[in-house]
Amino acid sequence: MKNNLKNLSNKSGRSDTLIGIVCHELESWFLGDLAAVEKAFELKTGKLSKKQNNKKYTNPDQLNSAKQELKKLVHSYQPISGSRKIGEYLEVKNLDKNKSYSFKMFIKGLQKIID
């Protein structure tokens, strides 16, 4: 799909177009940075972040339902308000802190546009 979009972009004379395919659930990005989730919901320090190296959270883009997984970790999570809360704490300067590959690629793409 990405190659098809790139070919169309090139044919239209816009070879400088940034093409990215975002994960199917935004919650994958949140599960990639459990420290941000912890801060957003004012949870006890270390309660969630210590789980970041569990196999499940080292590649959160591969989860079938990131939204359900996040809801299991934070019962009060609601998609819109929770996303706003967590978004404030997502680490964008040190991308190594987020385990979501799609999040890293999205931020790197934005940085290319801004620079």
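Placed above this text is the structure.
Now for a description of the structure that goes with this document. Quick caveat: nothing in here was measured; it's all calculated off a predicted structure. (Residues numbered from 1 in each chain as written. Predicted model: local features only at pLDDT ≥ 70, side-chain atom pairs only at ≥ 80, totals over all residues. Heavy atoms only, no water.)

## Quick look at the packing of aromatic side chains
- Scanning all chains against the criterion turns up 3 aromatic pairs.
- An angle of 65° between the planes, with centres 5.3 Å apart, marks the rings of tryptophan 29 and phenylalanine 103 as edge-to-face. Of the two residues, tryptophan 29 is situated in helix H2 (residues 27–31) and phenylalanine 103 in helix H7 (residues 101–114); the sequence distance between them amounts to 74 residues.
- The exposure class of tryptophan 29 is buried, given its relative accessible area of 8%.
- Their ring planes at 35° and their centres at 5.1 Å tell us that tryptophan 29 and phenylalanine 106 sit as a pair that is tilted. Of this pair, tryptophan 29 sits in helix H2 while phenylalanine 106 sits in helix H7, and the two are 77 residues apart along the sequence.
- Ring pairs connect the aromatic residues Trp29, Phe103 and Phe106, which therefore count as one cluster. (Phe/Tyr/Trp six-rings, centres within 6.5 Å; stacked < 30°, edge-to-face > 60°. Helix = DSSP H or I, 4+ residues; strand = E, 2+ residues; numbered from the N terminus. Buried < 20%, exposed > 50% of the residue type's maximum accessible area, 1.4 Å probe, protein only.)

## Quick look at the nonpolar core
- Membership of the largest hydrophobic core comes to 21 residues, with the highest contact counts inside it found for Phe30, Leu31, Val37 and Ile86.
- Ranked by residue count, the leading element in this core is helix H3 (residues 34–40), at 4 residues. (Core = buried A, V, L, I, M, F, W, Y, C linked by side-chain atoms within 4.5 Å.)

## Let's talk about H7
- Helix length check: H7, at 14 residues, gives a terminal C-alpha distance of 20 Å against a target of 20 Å (1.5 Å per residue), a fit within 8%.
- Listed as buried for H7 are Ser102, Phe103, Ile107 and Gly109. Down the axis of H7, the sector holding all buried residues measures 155°, keeping them to one side. Opposite the buried face of H7, by more than 90 degrees, sit the exposed residues Tyr101 and Lys112.
- Contacts from the buried residues of H7 go to H2. (Expected span 1.5 Å × (residues − 1). Arc of directions from axis to C-beta. Contact = heavy atoms within 4.5 Å.)

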